[in-house]
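# Results of the structural survey
Listed below, chain by chain, are the residues.
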Amino acid sequence: MKEHRHGKRHHSPRRGHYHADMLSVEEAFDRIIAAFSPLEPETRPILEALGQTLAEDVFSPLNIPPSDNSAMDGYALRHEDLKGASPENPVVLRVIGLIAAGQVPDRAVEPRTSLRIMTGAPTPEGCDTIVPFEETDEVERKARGDSMDEIAILVDQPLGTHVRPAGEDVKAGEKVLERGTVLRPSEIGVLASLGIERVPVIRRPRIAILATGDELQEPGETPQPGRIYDSNSYGLAASVRRYGGVPQMLGIARDNLEDMHLKLNEGLTADLLLTSAGVSKGDYDIVKDVLAERGKVNFWSVRMRPAKPLAWGMLRDEDGRTVPHLGLPGNPVSAMVAFEEFARPAILRMLGRTDLAKPTIRAELKGPIVNFDGRRVFARVRVTRRNGSYYATPTGPQGSNILTSMARANGLAICPEDLPRMEEGQIVDVKMLDWNEEVGG
Ligand code: AMP
Ligand code: MG
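Below or above, wherever it landed, is the structure these notes cover. (Residues numbered from 1 in each chain as written. Chains lettered and ligands numbered in written order. Predicted model: local features only at pLDDT ≥ 70, side-chain atom pairs only at ≥ 80, totals over all residues. Heavy atoms only, no water.)

### Focus on the sheet that holds strand S9 (residues 150-153)
Note the following rule: Any two strands between which DSSP finds at least two bridges are classified as paired. Starting at the N terminus, helices and strands are each numbered in turn, a helix being any DSSP run of H or I of at least four residues and a strand any DSSP run of E of at least two. Axes here mean lines fitted to C-alpha atoms, for a helix over just the part in contact, with angles spanning 0 to 180 degrees between N-to-C directions.
In spatial order, the strands read S8-S5-S7-S6-S9; together these five strands make up an open sheet with mixed pairing. Each end of this open sheet is capped by a strand with a single partner; those strands are strand S8 (129-132) and S9. For this sheet, the mean angle separating the axes of adjacent strands, direction not counted, is 40 degrees. The sheet contact formed by strand S6 (residues 91-99) and strand S7 (residues 113-117) spans four bridges and is parallel. Directly across from Val-95, in S7, lies its bridge partner Ser-114.

### Considering the pairing of strand S28 (residues 427-432)
Stated formally: Only protein chains enter the accessibility calculation, which uses a 1.4 Å probe; a residue whose area is less than 20% of its type maximum is buried, one above 50% is exposed, and one in between is partly exposed.
Every second residue of S28 is oriented toward a common face, the buried set being Val-428, Val-430 and Met-432 and the non-buried set Ile-427, Asp-429 and Lys-431. One ladder, built from five bridges, connects strand S22 (residues 360-365) with S28; its direction is antiparallel. Counterpart to Ala-363 in the pairing with S28 is Val-428. Here strand S26 (residues 411-415) pairs with S28 via four bridges, running antiparallel. The residue of S28 that forms the bridge with Leu-412 is Lys-431.

### Structural notes on the environment of Leu-348
Formally: Contact between two residues is taken to exist if any of their heavy atoms lie within 4.5 Å; hydrogens are not considered.
Among the secondary structure elements, Leu-348 is positioned in helix H8 (residues 332-350). Here Leu-348 falls in the buried class, since its relative accessible area comes to 2%. In sequence terms Leu-348 and Gln-52 are 296 residues apart; their C-alpha atoms lie 9.6 Å from each other. In contact with Leu-348, other than residues within four places in its own chain, are Tyr-243, Arg-353, Asp-355 and Leu-356.

### Some remarks on the nonpolar core
Definition in use: The nonpolar core is taken to be a set of buried Ala, Val, Leu, Ile, Met, Phe, Trp, Tyr and Cys residues, with the residues joined through side-chain atoms within 4.5 Å.
Of all hydrophobic cores here, the largest spans 44 residues; its most connected members are Leu-274, Leu-310, Leu-326 and Phe-342. No other element matches the 12 residues that H8 contributes to this core. Every residue in contact with Phe-342, bar those within four places of it in the chain, is listed here: Val-25, Ala-28, Phe-29, Ile-32, Val-302, Met-304, Leu-310 and Leu-326.

### Quick word on the packing of helix H6 (residues 257-266) against helix H7 (residues 286-294)
The condition is simple: What sets the label is the angle itself: under 35 degrees gives roughly parallel, over 145 gives roughly antiparallel, 65 to 115 gives roughly perpendicular, and the rest give oblique. Less than a right angle of anticlockwise turn of the near helix away from the far helix marks a crossing as left-handed, whereas a clockwise turn marks it as right-handed. Nonpolar residues are Ala, Val, Leu, Ile, Met, Phe, Trp, Tyr, Cys and Pro. Charged residues are Asp, Glu, Lys and Arg, and all others, Gly as well, are polar.
Interhelical geometry of H6 versus H7 gives an angle of 50 degrees and a closest axis separation of 10 Å. Taken together, the axes of H6 and H7 lie oblique to each other. Where H6 crosses over H7, the handedness of that crossing is right-handed. When H6 is examined against H7, the residues Leu-257, Met-260, His-261, Leu-264 and Asn-265 are found in contact with a partner set consisting of Ile-286, Val-287, Val-290, Leu-291, Glu-293 and Arg-294. Of the residues that constitute the contact of H6 with H7, the class distribution is seven nonpolar, two polar and two charged.

### Structural notes on helix H2 (residues 25-33)
Our working rule: In this description, the arc belongs to the directions extending from the helix axis to the C-beta atoms.
Every buried residue of H2 is listed here: Val-25, Ala-28, Ile-32 and Ile-33. Projected down its long axis, H2 carries its buried residues within an arc of 115 degrees, all on one side.

### Description of the packing of aromatic side chains
Put simply, the rule is: Note on aromatic pairs: the rings of Phe, Tyr and Trp (six-membered ring only in Trp) are paired at centre separations within 6.5 Å, and the planes decide the class, stacked below 30 degrees, edge-to-face beyond 60, tilted for the rest. Here, over-ring charges are defined by two tests on the NZ atom of lysine or the CZ atom of arginine: distance to the ring centre within 6 Å, and angle to the ring normal within 35 degrees.
Tallied over the full model, the rule gives three aromatic pairs. Between Phe-36 and Trp-312, the aromatic rings sit 5.9 Å apart at their centres with planes inclined by 45 degrees, giving tilted as the arrangement. With a gap of 276 residues between them, Phe-36 in the loop between H2 and strand S2 (41-45) and Trp-312 in strand S20 (residues 309-316) connect regions that are remote in the sequence. Residue Phe-36 is classed as buried on the basis of its relative accessible area of 5%. Plain terms: the ring middles of Tyr-390 and Trp-435 are 6.2 Å apart, the flat faces sit at 50 degrees to each other, and that makes the pair tilted. You can see Tyr-390 sitting in strand S25 (residues 389-394) and its partner Trp-435 sitting in the segment after S28, a full 45 residues away along the chain. Overall, the relative accessible area of 39% leaves Trp-435 in the partly exposed class. The positively charged end of Arg-344 is found above the aromatic ring belonging to Tyr-243, 4.8 Å away from the centroid. Arg-386 extends its terminal NZ or CZ atom over the ring of Tyr-391, reaching a point 4.4 Å from the ring centre.

Given below as structure tokens:
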């Protein structure tokens, strides 16, 4: 006999906290997102900060490049010495030195002289123009075994050719990156180019994840009769990591009061607590009871398929600590779709992002979507591109337990509440889960 059967009889939940109203997706979204704002800053090594949001403007402490330098392998010289140079009428200059990248020139270019210079090397004093070695007789001269103490210049070029001026890219004191910028590889490169090693960013939210259910067992365990593996914890934790949060996996809470309370307590220091299962109508009351007892939790029916049942509220412990709690449905596809709609934007907002919407495209349906009870349907589809048009093919059975059809999908096609059916050939909005070469993004 299971413990919870016992518990139920003696436990009287505060049913006043239950609200079984039907909400639109937008109403649910608005109520949830209102609880989140950007988290406080932390200082991170630049590489660790990939995907995080800058908490302060970044000003350059230096010029980039730091000094005038050469854009070519060639000869550093004075423009006035080039006048009229051509293959028929070469200008012969004395070569008085060599400057490799990383070296500092130890002498100036005097009239009628030049220095051999490598790409990126600082130009010597007196130099205002670089002639690439291809525009000289260097190759022939070497082939002939002639002295390299002289070089014949075969072109006249405008003043300043191939000289990259100091500060061309960035000037000392200039604002280079704005507060609020999401750090991508290019921004991380820019920070490194400024000599910056650590950077103030909005910290990553920690998201506690708790699976609930007596039927669940951990992947790796021998399959037990009547049990299924806990896939939600893993799908959700991976989603958290993908969108920039730090998952804290709390494991599995059994359907009894003690275990639920214990495991929920571990999630109270997180920025958001995600649970899965135990929130639908037919469910055994224990999860609802515990949640209702622990704070202000609402049990919603959201006008969407999958993922109609949703719990949302603030969970608290005896010390008054609270954590926002999102109770996702138990069926694996429902849990993931609800995550995409409600948890992902919460994570992004905590990360300081302002664009919370998923990339959405319009595609031609390659199979029907059935909507039999006036909800917004999120149909799993595979989007492909042909001749500049997008096509969305449903990935098979759309039951909320069919997780492999989620794995085959790269997008969620949206059938509006008021359409009982969408036919092949109709144009549909698709929220993209992935955006890769196959799609053409
Ligand atoms: P419930 O909301 O508890 O009725 O769960 C709904 C369905 O989701 C049931 O078939 C559960 O077995 C299944 N389910 C619940 N939790 C998980 C989980 N962590 N991983 C996979 N399936 C789950
Ligand atoms: Mg259950």
